[in-house]
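# Working through the structure, step by step
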Amino acid sequence: MGLLDKLSVWLGRGRTEVTVLVLGLDNSGKSTLLDALRPPEQRVHHSQPTVGQQQDHFQSSGVSFSAWDVSGAPRHRALWERHYRRAHAVIFVVDSADHLRLVVAREELELMLAHPDMFGRRLPLLVFANKCDANHALAPMQVAAALGLERITDKPWHICASNALSGAGLTDGIAWLARQIRDLHIQHH
Amino acid sequence: MTRWLDVEVGNDDIEINTLPSNLALVDLHNDNEYKLLIGDLGKGEEGPKLKVFRGAMQLLDLPLPDLPLGVVGFYASDTVPRIPPVVAVAFSSCIYIYKNMKLFYKYYLPSIDLSTSESEIWKQIMDPQNHNEEVIPILTENLKAVPHKVLSAESRNFLSMTLDQQLEYVEQMTEMPSRKIPEVACITTLKMHSIERQSVSCLVVGTEDGEVIVLDPHTFHQLSIAKLCAIKRTPYQMVTTGLYNVDYRITVATREKSVCVLKRDWSEGRLLFATDEHIVALEVMPTDHSVLVICCDNTLSCYSKKGKRQWSLSLEHRPVALTLVPVVALGVTLAAVALASGHVHLYDAKARRDTMFVKDAASVMKFGQLGQEEHVFITITKSGNLMVKILKRTADFNAHAASVESALTPGAGTKPWFIPKKSKLFLEQSVRERENPRAMHQKFQQELNSLRLVCARSLLQAHERADNCVAAGALNAVRLAAEVEGLGPVFRVTLILENTSPDKAAIGLAILFHVPPANYKVSNPYIKVPLLPPNAKLQFPTKVEEIFEDANPDVFFRTVTGEGGERSLVKILLVKEGRTSPVLAATVLMPPTDPMMLPYEKMQQGFENMALEAMEA
Ligand SMILES: Nc1nc2c(ncn2[C@@H]2O[C@H](COP(=O)(O)OP(=O)(O)OP(=O)(O)O)[C@@H](O)[C@H]2O)c(=O)[nH]1
Ligand SMILES: [Mg+2]
């Protein structure tokens, strides 16, 4: 039995969902990434920037995910915090070819981690160094350094390179996330 | 706390020598990823170049034929899908137009005939008989007598030669200069018919002859030409506002310590105002068209659109550069002023809102969209480094925000205090006081003392009576009522305490709230009641908030008009010092919170709880 299947057993065979927040700057590829996580026949290929937020449900290896895809546009970033309390995990998507805005991504990540609804909670943080196929894309370790991930002590975190267009790298990341959620659950009982 | 995020720029191989007019932020590929274009003057061996940056990374390095004077990007046509913007680079002799960063067209200003006096002199210079060391210097002098500004480039070139060079030059000359090619002094763009980001702009060219020419973006035909001012003025920096086809203003800083303005349908511009010293840079506020200038006398001044000076600040050091910093989200447009000391001050009108420090002093600044980021502050330092800062989303430039130092030094610039005129009454009183001060003072002190005595006496009286009343036991005379206002979740409960006794005051009372802590939160659960005089009423408003921690979701389905049920019973006790049981008690049935006012998250959580319970069951 795969890890994700075990997870789904604990959760009562998909009767409830794990709420993940998908955050990141605008144009980082959040919606594209969520689209790639769905079964091929359910993909929508939206190319417009997200307005406000949208909820996405998808199954991955038998686990039912409820993902909040929140717009990363500057004037919508204030909406992120409304979802912090219900989140069981966070996926933070970074455009690893947008060198200029790595500092902005870092600032937003730091604001999120310092928020009262997030600070000190041991929820897993998965960072996708997305667009790894693009020209001048930075390696995940460089992105991790630019975001200052090494300074995060209150949450388990993981970074991996991804290409949301082809789907490369996504399953590895999601598998890590599922493992973390299961481990946290075991610790709780 | 800084308001800016520093972008790391690998500075090792970037060395830029440029002017403010040579920086442009252009959406070069129409993908909303703005590029930074820099016309680099070069240095030493390095010739002039046009550089294109993506973020802080250089993409392109295009050699230029001459020193660039200005770089602009603009949309030349309306076709859909949009063709990427073209780039214009101005040199003194011509303007190069690039499409997709490939040279596409060279524009020369239309030539003008030489003035008659100049061509007369040239006729003589051309005459072989005059080619000797005696006559040439005389002709040179004659040429010098012609106003320099109307001279052709050839004449000016001729004047700068030594006599030997001149003799050699005239020997080789075959044709006399007949027409002069006007020179470009500065360029900018002006939107044609719409303020939209991708709408078509025309090119505006300021010439050394003091003319402003507007060019069609497509054909490069002259749309209009106007003299800047009746007296010759040389444009140096132009700022356009408005639309060419509707109404526009071109505000121009000139080399002659003045600012001129040119409007639609004017055949000639007008002087707007003159400054004491040379103008370093000019900006126009988009809202009210007021004009900001920094000058060599270390001032930052603001003039109204009519040219009236509104204020002026003296700066601690020589100003080097000026740029506007519009922050749309905050609704403010700040002006950034870079000083030779390395400080960059941001002003909101004349109030200083922020200060940055640039290690080796800024020489050129630009604010706008770079890449995908809207609020980027670009600085080129004196030594040629590129510095990029991004304004934080949470930045605030309010006067009250922390770390703001006021630019207002006392005395200078502050409004004088409003002091009303001395009244007749005041004058007479002061005369009387001067005449017999001692008697007046004594009288005043006496009356003050007697007032204090009366106060003390009545307080004592009230105290005695109140005590009597308490001693008697029952507080029949005190009544307690409550009023509830609001839609919830925060209600205002006003307690009204009334003493109906005709002669006895009540003291030592207090109000205590008794609420289920899971359902309500009282802002002030214990209120000490001050002395309650006879026949008086006191009101105590208190905030009572209904809370929904781990609430049963049924709570969300109560009817608005109905009652809150058992959970909303609030007890109010009136207690008295020294007594173990409450004097009075009242219960208030709180109304249910209006469902429209329920916090969304709480509801959501309530439903989640419900789901969990259902699952566990
Ligand atoms: N080359 C490349 N392009 C990608 C990748 N992921 C996303 N993109 C492109 O990036 C653009 C933005 O993607 P979106 O998914 O809309 O970005 P978003 O994070 O949802 O943006 P907002 O909704 O505005 O917050 C789209 O044009 C995608 O095609 C990737 O891995 N590689
Ligand atoms: Mg999106």
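As recorded by an unreviewed UniProt entry, chain B carries the name Bardet-Biedl syndrome 1 N-terminal domain-containing protein and is attributed to Chilo suppressalis.

Naming follows an unreviewed UniProt entry, where chain A appears as ADP-ribosylation factor-like protein 6 of Chilo suppressalis. The UniProt entry for chain A carries this comment under Sequence similarities (unreviewed entry): "Belongs to the small GTPase superfamily. Arf family."

Moving on, we get to the coordination of the magnesium ion (ligand 2). Metal coordination angles in their ideal form are 109.5 degrees for the four-donor tetrahedron and 90 or 180 degrees for the six-donor octahedron. The magnesium ion (ligand 2) binds to the protein through Ser31 of chain A (OG) and Thr50 of chain A (OG1); the donor distances cover 1.9 to 2.0 Å. In this pair, serine 31 of chain A is assigned in helix α2 (residues 30–37) and threonine 50 of chain A in the loop between α2 and β2 (53–60), connecting sequence segments 19 residues apart.

Residues and elements named next belong to chain A. Around ligand 1 there are 18 residues in total, and Lys30, Ser31, Thr32, Thr50 and Asp133 lie nearest to it. Contact between ligand 1 and glycine 29: an oxygen atom at 2.9 Å from a main-chain N or O atom of the residue. The contact in question runs from an oxygen atom of ligand 1 to an N or O atom on the backbone of alanine 164, over 2.8 Å. Isolated, ligand 1 exposes 660 Å² of accessible area, and the fraction of that covered by the protein chains is 83%. Tallying contributions element by element places α2 first for the shell around ligand 1, with three residues. Class assignment for the residues of the shell around ligand 1 results in four nonpolar, 10 polar and four charged.

It is worth spelling out the pairing of strand β25 (residues 332–339) of chain B at this point. Residue and element names in this part refer to chain B. The element β25 is largely enclosed, with a buried count of eight among its eight residues. Side chains Val332, Leu334, Ala336 and Ala338 project from β25 onto one buried face, and the interleaved Thr333, Ala335, Val337 and Leu339 project onto a second face that is buried too. The sheet contact formed by strand β24 (residues 319–327) and β25 spans eight bridges and is antiparallel. The partner of leucine 324 across the bridge, within β25, is alanine 335. The antiparallel pairing of β24 with β25 creates a hairpin that spans four residues between the two strands, and glycine 331 there sits at a positive phi of about 70°. Two elements, β25 and strand β26 (residues 343–348), share four bridges in a ladder whose sense is antiparallel. Within the sheet, the bridge partner assigned to alanine 335 lies in β26 and is tyrosine 347.

Moving on: the sheet that holds strand β18 (residues 258–263) of chain B. Residues and elements named next belong to chain B. Strands sit in the order β16-β17-β18-β19 across an open sheet of four strands; the sheet is antiparallel. Every other strand in the sheet has two partners, leaving β16 (235–243) and β19 (270–274) as the edge strands with one partner each. Recorded for the sheet is a direction-independent mean angle of 20° between the axes of neighbouring strands. As paired strands, β18 and β19 are joined by four bridges and run antiparallel to one another. Across the sheet, the residue bridging to valine 259 is phenylalanine 273, located in β19.

Residues and elements named next belong to chain A. Where helix α4 (residues 140–147) is concerned, the buried positions are Val143, Ala144 and Leu147. Projected down its long axis, α4 carries its buried residues within an arc of 100°, all on one side. Among the structural elements, β4 (89–95), α3 (102–114), β5 (125–130) and β6 (157–161) are those in contact with the buried residues of α4. Note on α4: the residue one or two positions beyond its end, glycine 148, has a positive phi of about 70°.

Attention now goes to unusual backbone geometry. All names here are of chain B. The linkage connecting valine 80 with the following residue, proline 81, adopts the cis geometry, with an omega of -5°. Of note in this structure, asparagine 32 is not a glycine but carries a positive phi near 55°. Residue position: asparagine 32 is located in the loop between β2 (23–26) and β3 (35–40). Judged by relative accessible area, asparagine 32 falls into the partly exposed class, the value being 34%.

Our focus in this paragraph is the sheet that holds strand β5 (residues 57–63) of chain B. Residue and element names in this part refer to chain B. The strand order β2-β3-β4-β5 describes an open sheet built from four strands, whose pairing is antiparallel. On the outer flanks of this sheet lie β2 and β5, each paired with one strand and no other. Between one strand axis and the next, the sheet turns by 20° as a mean value, whatever way the strands run. Where strand β4 (residues 49–54) meets β5, six bridges bridge the pair, whose relative direction is antiparallel. Residue pairing in the sheet places phenylalanine 53 in a bridge with glutamine 58 of β5.

The rules behind each value
Residues numbered from 1 in each chain as written. Chains lettered and ligands numbered in written order. Predicted model: local features only at pLDDT ≥ 70, side-chain atom pairs only at ≥ 80, totals over all residues. Heavy atoms only, no water. UniProt positions renumbered as here; feature names shortened; annotations may be inferred. Donors = N, O, S within 2.8 Å, 3.2 Å for Na, K, Ca; no water. Helix = DSSP H or I, 4+ residues; strand = E, 2+ residues; numbered from the N terminus. Near = heavy atom within 4 Å. Polar contact = N/O pair within 3.5 Å; in protein donor to acceptor, adjacent residues only side chain to side chain. Areas by Shrake-Rupley, 256 points an atom, 1.4 Å probe, with all protein chains shown as cover. Nonpolar A, V, L, I, M, F, W, Y, C, P; charged D, E, K, R; others polar. Buried < 20%, exposed > 50% of the residue type's maximum accessible area, 1.4 Å probe, protein only. Pairing = 2+ DSSP bridges. Axes fitted to C-alpha atoms, helices over the stretch in contact; angles between N-to-C directions. Arc of directions from axis to C-beta. Contact = heavy atoms within 4.5 Å.

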